[in-house]
Amino acid sequence: MDDNIEIGGLHHVTAVTGRAAENLAFYTHALGMRLVKKTVNQDDLSAYHLFYADAEGSPGTEVTFFDWPHAGPNRPGVGEVSTIALRIPDTDALNWWADRLQGLGVAHEGIQERNGKHLLVFSDPEGQRLALVADPGQAGGVPWTGGPVPAEMGILGLHSVSLALRTVEPTVCVLTEVLGFCQTGEYARPDASRVAVYESGPGGAGAEVHLEERPQLPWARTGIGGVHHVAFRAANDEQHQEWQERVSSAGIAVTPVIDRFYFRSIYFREPGGVLFEIATDGPGFAADEDPAHLGEKLSLPPFLEGRRAEIEAGLRPIEPVGQTTGS
């Protein structure tokens, strides 16, 4: 096994929506992200799986949603991704976003500073906790210009995820000893005993995980407005297989490699309760669609294409419902 392989940062974060049409409107109109793939949850063919990303659908820029209208609301607590943070170019863009969100009726907490970065914290219409982080000087991500947000203000991709944990030490062991992360910071928050910042492999854009120690909270229950899992990047299939073997060798229960067609995946739950995935960078979303027309129709991987009529009959048509608000 190659000891020099590295996690390339965040790949995607998958959350839960109960109102797919409103979700589509919020992430494409309010946030100006591109719908790069409309497909189904391969483990639940009655549910959409919607992928929002940068203009090219690049790994490290994706926020995705399972459409589970009967899931019930998320119960916040420990053992979950508490916040999805997205990168924007600079503090000028952050000021622009503060005005834009207010104009759309999306409440936010004002511009704050954490770990040396300025950010804006808010929630989507179903309660999913989000943040926009001014991240100047970092390469990566191409803003989508087909929506209402100017390129110079556009979302570039994922910045970080925050994990709410009863205690951080067991998760730190997995991040550092198995996945090769290193600590790069620590800061205080009124609602957490401490927050420790860890960075994957080469660092750079979209490489941070913030561990919030919050022993006073109950265990989370995943539902609408919450995160299902967070995925990290493997460069190719060979390294991906090595990650599967490394995680298994550490005594952690991990799935075999699963072919999702757009990428390959393995899944395991870290000791703090958060579901982790490691996904390959390729083949990518252009594997079955023209890059200029990503997300415009229902895409099915080849192993599901023969069931298209059955699958489409079980899905509700979704179109954006117009300019959504934060209500």
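Rules behind the numbers
Residues numbered from 1 in each chain as written. Predicted model: local features only at pLDDT ≥ 70, side-chain atom pairs only at ≥ 80, totals over all residues. Heavy atoms only, no water. Helix = DSSP H or I, 4+ residues; strand = E, 2+ residues; numbered from the N terminus. Rg over C-alpha atoms; globule rule 2.2 N^0.38 Å. Contact = heavy atoms within 4.5 Å. Areas by Shrake-Rupley, 256 points an atom, 1.4 Å probe, with all protein chains shown as cover. Lys, Arg positive; Asp, Glu negative; His and termini not counted. Charge placed at Lys NZ, Arg CZ, Asp CG, Glu CD. Salt bridge = Lys/Arg side-chain N within 4 Å of Asp/Glu carboxyl O. Buried < 20%, exposed > 50% of the residue type's maximum accessible area, 1.4 Å probe, protein only. Pairing = 2+ DSSP bridges. Axes fitted to C-alpha atoms, helices over the stretch in contact; angles between N-to-C directions.

1. Topic: the overall build of the protein chain
- Within the protein chain, the regular secondary structure consists of six helices and 16 strands.
- Expected size for 327 residues packed as a compact globule is a radius of gyration near 20 Å; at 19 Å, the protein chain falls within 12% of this value.
- Restricting the contact set of the protein chain to residue pairs at least 6 apart, pairs at least 24 apart contribute 67%.
- Carbon and sulfur atoms make up 51% of the accessible area of the protein chain, which amounts to about 12900 Å² in all.
- Side chains of the protein chain carry 24 positive and 44 negative charges; the gap between the two charge centres is 6 Å.

2. Quick notes on the pattern of salt bridges
- For the structure on display, the rule yields 21 salt bridges.
- Across the pair D135 and R87 runs a salt bridge, and its minimum N-O distance is 3.0 Å. Here the residue D135 occupies a position in the loop between β8 (129-134) and β9 (157-165), and R87 occupies one in strand β5 (residues 80-88), the gap between them amounting to 48 residues. For the pair D135 and R87, a shared accessibility class is recorded, and that class is buried.
- E305 is the salt-bridge partner of R308, the closest N and O atoms lying 2.6 Å from each other.
- Here the salt bridges share partners, and the residues they tie into one network are E169, E186, R194 and E213.

3. Observations regarding the sheet that holds strand β2 (residues 34-41)
- Here we have eight strands laid out as an open sheet, ordered β2-β3-β4-β1-β13-β16-β15-β14, and mixed in their pairing. Looking along the sheet, the strands with just one partner apiece sit at the ends: β2 and β14 (258-259).
- Bridge count for β14 against strand β15 (residues 264-269) is two bridges, and the pairing is antiparallel. Bridge pairing links I258 to S265 in β15.
- Set on the sheet, helix α1 (residues 20-30) makes contact with β1 (10-17), β2, β3 (44-53) and β4 (62-67); between it and β3 the angle comes to about 10°.

4. Some details on the environment of V230
- Relative to the elements of secondary structure, V230 occurs in strand β13 (residues 227-234).
- Looking at V230, the relative accessible area reads 0%, which means it is buried.
- Spatially, the C-alpha atoms of V230 and E277 are 6.1 Å apart, while their sequence positions differ by 47 residues.
- With residues near it in sequence (within four places) discarded, V230 still touches L10, H12, V13, V81, V161, V274, L275, F276 and E277.

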